[in-house]
Amino acid sequence: MANKTPRTKMPEQDPVKRSTNFLEVALGYTVEDAKKEALRCIDCKNPKCVMACPVRVKIPEFIKQVLNDDMEGAFDKIYEDNILPSICGRVCPQESQCEGACILGIKGEPVSIGALERFVGDYGIENNLADTSVETEKPQKVAVVGSGPAGLANAASLRRKGYQVTVFEALHAYGGVLNYGIPDFRLPKDIVRKEIDNLKTMGVKFVKNVIIGKSITIEQLKEEGYEAIFIGSGAGLPSALGVPGENYNGVYFANEFLTRVNLMRSNSFPLSATPIKIGDTVAVVGGGNVAMDAARTAKRIGAKRVMIIYRRDKESLPARLEEVHHAIEEGIEMNLLYNPVEILGENYEVKAVKCERMKLGEEDSSGRRRPLPTGEYVTYDIDSIIVSIGQKPNPIIKQNTSGLTTHDWGGIITDENHMTSIDGVFAGGDAVTGAATVILAMGTGKEAAANINRYLQSK
Amino acid sequence: MYKIIDKQTINKDIDYMKVEAPLVARNAKPGHFIILRVDEDGERIPLTIAGIDGQNVDIIYQKMGYSTQLLGQKEIGDTVADFVGPLGKAAHIRDKKHVVGVAGGVGAAPLLPQLKAYKAAGSKVTLILGARSKDYLILKETYEQFVDNVIYTTDDGTFGEKGLVTEPLERLLSEDETIDHVIAIGPVIMMKFTVQVALKHNKSIDVSLNPIMIDGTGMCGNCRVSIGGKTYFACIDGPDFEGHEVDFDGLMRRQSYYKDEEHQCYLRLKDGK
Ligand SMILES: Cc1cc2nc3c(=O)[nH]c(=O)nc-3n(C[C@H](O)[C@H](O)[C@H](O)COP(=O)(O)OP(=O)(O)OC[C@H]3O[C@@H](n4cnc5c(N)ncnc54)[C@H](O)[C@@H]3O)c2cc1C
Ligand SMILES: Cc1cc2nc3c(=O)[nH]c(=O)nc-3n(C[C@H](O)[C@H](O)[C@H](O)COP(=O)(O)OP(=O)(O)OC[C@H]3O[C@@H](n4cnc5c(N)ncnc54)[C@H](O)[C@@H]3O)c2cc1C
Ligand code: SF4
Ligand code: SF4
Ligand code: FES
């Protein structure tokens, strides 16, 4: 049953050229490409790919519609389960989800499900296909905290049911990490904007510059007649390395670095008023998507030498495969099996980073081999260093909401219905799971919406 | 968009502004601050809430560079693009008998709601208000309405005592046994030396730290400060902190990291873009 036809490659910008611009790296399929790739799917009776997708996109069905030239049908089919196909097609870690389970992957290459989904999603945006209809208007008001993928998915599902939904966002722009975290060269911001515009058309209200817990508390939302509340406040709080020198100038958390560039547009400074300064040689600590994004962004704003410092080996890098591949193509150095132990500076400014060489030991609880110290050190001269070793849920809501229970590490505790310890208050996305993925956040937002619907109906 | 309801020029460098922002006004307490963006390309700048009046929020800002100058060009009836808050932890109003507030320059604005809160809580309140020269002493009349004592200092001696705020503080702390707490808000260098004086006399002291900020919600980490070897985020853990162990030198260095870039931006404004 193996399919020997190779995958249809998506054209990409040349690595040398693209490492100096913020335009999208992967250029997308043409109709011909899409149909050629769609032909590879063998339309399994019991599709493994679907089970491996957190929101169960009906993959073989939409692929068949692509093949039949029914792009509209394909779009509608995806949209039933996933309201952000253009985004997920671009940023899902497909190799560990849908594509990782595709039957063709056993003997050959899996179907490029992500690329196809992106193609269909973009076709939907270009042709305004999103179904913005609402079932029957209902009077109940629902508040959604945060406009990241969890909040957006939740708001869309509830609005579709007819509820009066308002999304409150702390920042001055919507989209959460899709907007301030993931850079343009992976996810152009006008795609995020258009997907959000669809929700506005549907009748979801968006209010920016409101910090729930500060501007309005959860209790006050209830007093104002919001009968259910969904918290999708994400995992924005950066984790520190905990090594000496971490507060020197030139030490950035990835969030600050990416926010300056993506949200505040410091790459067009001084036309935008927020500056950024990284110098010629930049170290990025970490091996996830955030680290790859930071490294590739550093290159694009002019760093000559950018190195990833990661304490495990290449196979353990948690980033999407495609991002690692793109980063290497763009000339990012991979200093693997190194762990920073001290940031050296002069006059509160970074000059170098001292790293310990690591070796891999036994498997730990995560199933990966544990990095062990070797007692050998190397020091790299650098001008700045970007720390990207993880994020924890933001504490503002917890600190200002009595009765909301959380784990020690900050994650909001929810029951099997996604309800928190407070009646009528639900939560999902990174705020509950800790830093995860776009599609998992959307999935919980959607599931929570189904539960909120049930909750409001039985009230 | 947030409408400017009132604006007054306090002196050549400092303006007062009243902005309509009901969702900020609603839960604001002394010590809280806001972050605003003047326009769509603007940077996010933090300013302390100097007062609340119904749906409106008062701010007092010193025109330091690009963004505050741009704000200063706005007039009554104009709008600013973004205005979010209340941010930070409300000031911790301690149970104290006699509090000395020390303000340097525009620091008089953030100190005002805190000293008022101490007065309302029953503390005796003494103010030391310092500035470069007479024209830069702000909120004089407002403070005089409620404080028990006031001492003015100017660097050039044009009003009050000639010299720095630390001199009368040193004197007060030596002479007046009833003083049991100090609050200092102003330039970092002033807070640094004020803390040294308080420490010498074994008095507790609170300071208000003003590192560069972006989001103000604990997301970026730009605002981190070192206190007693531990790292805090000024926007969610502060901005007010117990002053004894603050690394003021580190804060000063972090504040000036973008000096050259800020100047570049400022020049653009002067040249009319
Ligand atoms: C740089 C980077 C790259 C990534 N790359 C990928 C990738 O390639 N693929 C992938 O699947 N995942 C990726 N992720 C992870 C993914 O983006 C997140 O898992 C996902 O965005 C989580 O969604 P969320 O809705 O839970 O939270 P968020 O996207 O974090 O959104 C939360 C929103 O809530 C707002 N908020 C917070 N507190 C409050 C409050 N009190 N009141 C009002 N609003 C509030 C925040 O401002 C924010 O807008 C990446 C993450 C980062 C940082
Ligand atoms: C919690 C807090 C409360 C504050 N309250 C007041 C107040 O009530 N009145 C007042 O006049 N000032 C206040 N400030 C300082 C004010 O935010 C800065 O003066 C202003 O941002 C300067 O911007 P600029 O573009 O005009 O000047 P620039 O020329 O850009 O900068 C001048 C100096 O201001 C500081 N600064 C620059 N950008 C920022 C930023 N985004 N965040 C913080 N500091 C920055 C830097 O130290 C810089 O060297 C406060 C700061 C903080 C953190
Ligand atoms: S949503 Fe993500 S995991 Fe699901 S099919 Fe699409 S790309 Fe695959
Ligand atoms: S597992 Fe692969 S071949 Fe089978 S339906 Fe899914 S995409 Fe098609
Ligand atoms: S300003 Fe971003 S974390 Fe404090």
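Residues numbered from 1 in each chain as written. Chains lettered and ligands numbered in written order. Predicted model: local features only at pLDDT ≥ 70, side-chain atom pairs only at ≥ 80, totals over all residues. Heavy atoms only, no water.

**Quick word on the overall build of chain B**
Along its length, chain B carries nine helices and 17 strands. Compactness check: chain B gives a C-alpha radius of gyration of 18 Å against a globular reference of 19 Å for 273 residues, within 12% of the reference. Across its three principal directions, the C-alpha atoms of chain B cover 55 × 40 × 40 Å. Buried residues in chain B amount to 59% of all 273 residues. (Helix = DSSP H or I, 4+ residues; strand = E, 2+ residues; numbered from the N terminus. Rg over C-alpha atoms; globule rule 2.2 N^0.38 Å. Buried < 20%, exposed > 50% of the residue type's maximum accessible area, 1.4 Å probe, protein only.)

**Observations regarding the domain arrangement of chain A**
All names here are of chain A. Each assigned domain of chain A is listed with its residue range as follows: domain 1 (2-126), domain 2 (141-236 + 392-458) and domain 3 (240-389). A straight line from the C-alpha centre of domain 1 to that of domain 3 covers 31 Å. Each partner contributes residues to the interface: domain 1 has 15 residues there, and domain 3 has 14 residues. Regarding the contact of domain 1 and domain 3, the summed buried area is about 1100 Å², with carbon and sulfur atoms giving 48% of it. Across the contact surface, domain 1 and domain 3 share two salt bridges. At the surface where domain 1 touches domain 3, the tally comes to 11 residue pairs in polar contact (both at pLDDT 80 or more). The set of elements that each furnish at least two residues to the side of domain 1 that touches domain 3 consists of helix 1 (15-18) and helix 6 (85-91). Residues that form the side of domain 1 that touches domain 3 fall into these classes: seven nonpolar, four polar and four charged. (Domains from an automatic or database assignment. Contact = heavy atoms within 4.5 Å. Buried area = accessible area lost by both parts, 1.4 Å probe. Salt bridge = Lys/Arg side-chain N within 4 Å of Asp/Glu carboxyl O. Polar contact = N/O pair within 3.5 Å; in protein donor to acceptor, adjacent residues only side chain to side chain. Nonpolar A, V, L, I, M, F, W, Y, C, P; charged D, E, K, R; others polar.)

**Concerning the packing of helix 5 (residues 71-79) of chain A against helix 8 (residues 113-126) of chain A**
Residue and element names in this part refer to chain A. Close contact between helix 5 and helix 8 brings their axes to 9 Å; oriented N to C, the two are set at 105°. Classified by the angle their axes make, helix 5 and helix 8 are roughly perpendicular. The segment helix 5 lies against helix 8, with M71, E72, A74, F75 and I78 engaging E117, F119, V120, G121, Y123 and G124. Here the contact of helix 5 with helix 8 is composed, by residue class, of seven nonpolar, two polar and two charged. (Axes fitted to C-alpha atoms, helices over the stretch in contact; angles between N-to-C directions. Parallel < 35°, antiparallel > 145°, perpendicular 65-115°, else oblique.)

**Details of the side chain of R37(B)**
With respect to the helices, strands and loops of the structure, R37(B) is situated in strand 3 (residues 33-37). Owing to a relative accessible area of 3%, R37(B) belongs among the buried residues under this scheme. What R37(B) contacts, discounting residues up to four positions off in sequence, is H172(A), M264(A), G42(B), E43(B), R44(B), V80(B), A81(B) and D82(B).

**Quick notes on the site of ligand 2**
All names here are of chain B. Every one of the 23 residues lining ligand 2 counts as a neighbour, but P46, T48, I60, Q62 and T68 are closest to it. One of the side-chain N or O atoms of E43 is found 3.1 Å from an oxygen atom in ligand 2. Contacts to ligand 2 include G65, whose backbone N or O atom sits 3.0 Å from an oxygen atom. When ligand 2 sits alone it has 850 Å² of accessible area, and the protein chains cover 91% of it. Within the residue set of the shell around ligand 2, elements represented by two or more residues are strand 4 (45-48), strand 6 (56-62) and helix 2 (66-72). A class-by-class count of the residues in the shell around ligand 2 yields 13 nonpolar, seven polar and three charged. Among the domains, domain 1 (2-87) and domain 3 (209-273) are the pair contributing at least three residues each to the shell around ligand 2. (Near = heavy atom within 4 Å. Areas by Shrake-Rupley, 256 points an atom, 1.4 Å probe, with all protein chains shown as cover.)

**Considering the interface of chain B and chain A**
Contact with chain B, which involves 47 residues of that partner, is made by 46 residues of chain A. For the chain B and chain A pair, buried surface summed over both sides reaches about 4100 Å², with 51% attributable to carbon and sulfur atoms. Taken together, chain B and chain A are joined by four salt bridges. Only strand 8 (82-87), strand 15 (224-227), strand 16 (230-233), helix 8 (248-255) and helix 9 (259-270) of chain B provide two or more residues apiece to the side of chain B that touches chain A. Looking at the side of chain B that touches chain A, the element that brings in the most residues is strand 8 of chain B, giving six residues. When the residues that make up the side of chain B that touches chain A are grouped by side-chain class, the tally is 18 nonpolar, 13 polar and 16 charged.

**Here's the deal with helix 5 (residues 166-175) of chain B**
All names here are of chain B. All buried positions along helix 5 are accounted for by T166, P168, L169, L172 and L173. Taken around the axis of helix 5, the buried residues stretch over an arc of 160°, which confines them to a single face. Close packing links the buried residues of helix 5 with strand 9 (98-104), strand 10 (124-131), strand 11 (149-154), strand 12 (161-162), strand 13 (181-185) and helix 6 (188-200). (Arc of directions from axis to C-beta.)

**Details of the site of ligand 4**
In the region of ligand 4, the neighbouring residues are C41(A), I42(A), C44(A), P47(A), C49(A), P60(A), C102(A), I103(A), V111(A) and I113(A). Each residue belonging to the shell around ligand 4 can be placed in one class, and the counts come to 10 nonpolar, no polar and no charged.

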